[in-house]
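Overview (structure and organization)
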Number of protein chains: 2
Amino acid sequence: MAERARRGAPLTLEEIATTAVRLMDEAGVEGLSMRKLASELDVNPMSLYHHVENKEALLKLICATAAERMRVPPDDGSPWQEQLRELALAYHRNAKEHPALWGYLHTHPEVISHRGLPLWSALYRILRLAGVPEPEVRRTGDILHAFVSGFILAEINGHMPDDPEEIERNYDTAVHLIINGLAGF
Amino acid sequence: MAERARRGAPLTLEEIATTAVRLMDEAGVEGLSMRKLASELDVNPMSLYHHVENKEALLKLICATAAERMRVPPDDGSPWQEQLRELALAYHRNAKEHPALWGYLHTHPEVISHRGLPLWSALYRILRLAGVPEPEVRRTGDILHAFVSGFILAEINGHMPDDPEEIERNYDTAVHLIINGLAGF
DNA sequence: GCGTCAGCCATACGGTGTATGGCTACTCGA
DNA sequence: TCGAGTAGCCATACACCGTATGGCTGACGC
């Protein structure tokens with residue numbers, strides 16, 4: 001009774017979060033349960049609740065850290081079309097690394113709506129570079145993000161061809177569409 | 001024992017589906033459970049399984065019928081820009097009528113990928129009208145649909161302003177973006 | 001020595017989807 | 001008319017879920 005079930009170091013939030021991400025990567029959002037997570041950590045399910053308020057908060061946490069850690073290409077002085085393309089590519093790559101996580105994130109957008117995220121500042125910078133008038137920057141950014149979300153969700157959920165070459169073409173078409181659309185303003 | 005719990009007419013698939021939709025409208029995807037649905041129909045939970053294979057099949061069913069019943073504006077001979085706008089508007093309106101349902105649908109796109117749907121034939125027609133070369137029609141259609149999905153999901157999930165006027169502006173910007181993007185090809 | 005508290009855990013509650021099997025009431029062929 | 005078969009429904013049970021409650025242990029400050 002007095003024994004901790006778990007041998008070794010005490011539980012940490014960090015450890016909880018990374019195992020949760022692993023479980024999601026392996027088995028999707030539905031593959032992550034507090035009980036499985038606990039058993040994976042060799043710990044009683046209720047122990048998790050000393051580090052995390054509840055499951056939703058845990059999901060929010062790992063989504064937020066994923067969003068914060070997203071690598072955004074720096075301003076290299078190239079034309080906005082190129083930079084927008086690179087940003088979209090980076091976003092895409094990021095999402096494909098943890099599909100389930102980004103799938104959840106895109107259906108709970110409040111997680112990513114925090115405007116301090118590198119994603120947003122990069123996007124806004126590029127939109128300004130493209131000549132989008134200041135009062136329209138945020139709206140336009142939201143819409144572009146929604147578009148890319150849709151594209152990525154469709155891909156994650158299998159509503160896209162399997163052939164990687166075909167996907168590449170889809171991606172090119174999509175980015176072209178967006179760039180042309182922006183250029184037309 | 002011999003008594004049916006439920007008085008009156010026997011259960012029908014139709015009835016099951018419509019109450020399921022109602023429950024989803026009222027309380028979201030998570031508000032729909034086989035047990036609640038059964039109790040709403042004054043029936044034992046297991047009775048549902050004589051009409052539906054399982055919950056997923058039920059969801060698929062109601063999504064599919066919603067997609068089939070979607071009202072698509074007819075070809076009125078107006079320019080493709082106008083028609084595309086109208087189609088997007090119709091889609092938007094449809095989705096807002098049953099937000100939870102369309103939220104689910106957009107995260108399970110296999111449901112809507114059936115190419116016989118009015119949505120797809122209308123979209124393809126308009127794309128051809130816009131001069132999209134035949135081998136690109138389907139790809140372009142998929143991408144546009146993904147974009148609109150993203151926009152609508154963002155709206156459904158609250159990642160858009162509340163002010164209806166602002167939403168309208170967002171919508172206009174989005175459609176403009178798409179139309180400009182297409183026109184640039 | 002004593003109180004406080006962080007960390008962990010056992011138990012329990014109410015919810016979920018659904019497998020299994022049994023009961024009725026009907027239809028249909030002989 | 002009489003079985004056989006079957007469609008429809010239901011009772012029970014299982015395995016799983018998130019988490020409220022409350023209790024234990026061991027470290028720390030006084």
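A few points on the structure. Along every chain, residues carry numbers that run from 1 in the direction the sequence is written. As they are written, the chains are lettered A onward and the ligands numbered 1 onward, keeping that order. Side-chain atom pairs in this predicted model are given and counted only at pLDDT of 80 or more, local residue features only at pLDDT of at least 70, and totals for whole chains, interfaces and linings cover all residues. As a rule here, side-chain values come from all non-hydrogen atoms in the structure, and water together with hydrogens is ignored.

The next point concerns the nonpolar core. We call a set of buried residues a nonpolar core when its members are Ala, Val, Leu, Ile, Met, Phe, Trp, Tyr or Cys and they connect through side-chain atoms within 4.5 Å of each other. A 1.4 Å probe rolled over the protein chains alone gives each residue an accessible area, and that area as a share of the maximum for its type sets the label: buried under 20%, exposed over 50%, partly exposed in between. Ranked by internal contacts, the top residues of the largest apolar core, which has 122 residues, are A:L37, A:I112, A:F147, B:L37, B:I112 and B:F147. In what follows, a contact means two residues having at least one pair of non-hydrogen atoms within 4.5 Å. The contact partners of B:L37, leaving out residues within four places of it in the chain, are B:I16, B:T19, B:A20, B:L23, B:L32, B:L48 and B:L58.

Okay, the layout of surface pockets next. Within this scheme a cavity is a closed region of a 1 Å grid, computed over the protein atoms alone, that accommodates a 1.4 Å probe without allowing it to escape, whereas a pocket is open but has protein on both sides within 12 Å along at least five of seven lines; lining residues each have an atom within 4 Å of a point. Grid points are joined across faces, edges and corners, and a volume is the space filled by probe spheres set on the points. The volume enclosed by the largest pocket comes to roughly 1200 Å³. Taken together, 34 residues form the lining of the largest pocket, with A:E30, A:T107, A:H108, B:T107 and B:H108 sitting closest to its centre. Of all the elements in the fold, those that place two or more residues in the lining of the largest pocket are α3 (55-69), α5 (99-107) and α7 (134-156) of chain A together with α3 (55-69), α5 (99-107) and α7 (134-156) of chain B. Only DSSP runs of H or I reaching four residues or more are called helices, and only runs of E reaching two or more are called strands; each is numbered from the N terminus. If one sorts the elements of the lining of the largest pocket by residue count, α5(A) sits on top with five residues.

Here the focus is the packing of helix α4 (residues 80-97) of chain B against α5(B). Residues and elements named next belong to chain B. Two elements in contact, α4 and α5, have axes whose closest approach is 5 Å; the angle formed by their N-to-C orientations is 110°. Here α4 is positioned roughly perpendicular relative to α5, judged by the angle of their axes. Taken together, the residues of α5 that come into contact with α4 (itself represented by Y91, N94, A95, K96 and E97) are P99, W102 and H106. Ten residues, namely Ala, Val, Leu, Ile, Met, Phe, Trp, Tyr, Cys and Pro, are considered nonpolar, four, namely Asp, Glu, Lys and Arg, are considered charged, and the remaining ones, Gly among them, are considered polar. Of the residues assigned to the contact of α4 with α5, the class counts are four nonpolar, two polar and two charged. Between the N-to-C directions of two axes lies an angle of 0 to 180 degrees, each axis being a line fitted to C-alpha atoms and, for a helix, fitted only over the stretch in contact. Here is the rule for angles: anything less than 35 degrees is roughly parallel, anything more than 145 is roughly antiparallel, 65 through 115 is roughly perpendicular, and the remaining ranges are oblique.

Another aspect to go through is the relation of the copies chain A and chain B. Expressed as a screw transformation, the operator carrying chain A onto chain B has a rotation angle of 180° and an axial translation of 0.0 Å, and the superposed copies differ by an RMSD of 0.1 Å. Considering both components of the superposition, the chain copies are consistent with a two-fold axis. Comparing interface residues between copies, 100% of those in chain A also sit at the interface in chain B, which points to an isologous, same-surface contact. All copies are superposed by least squares; the fitting set is the C-alpha atoms of residues with a pLDDT of at least 70 in both.

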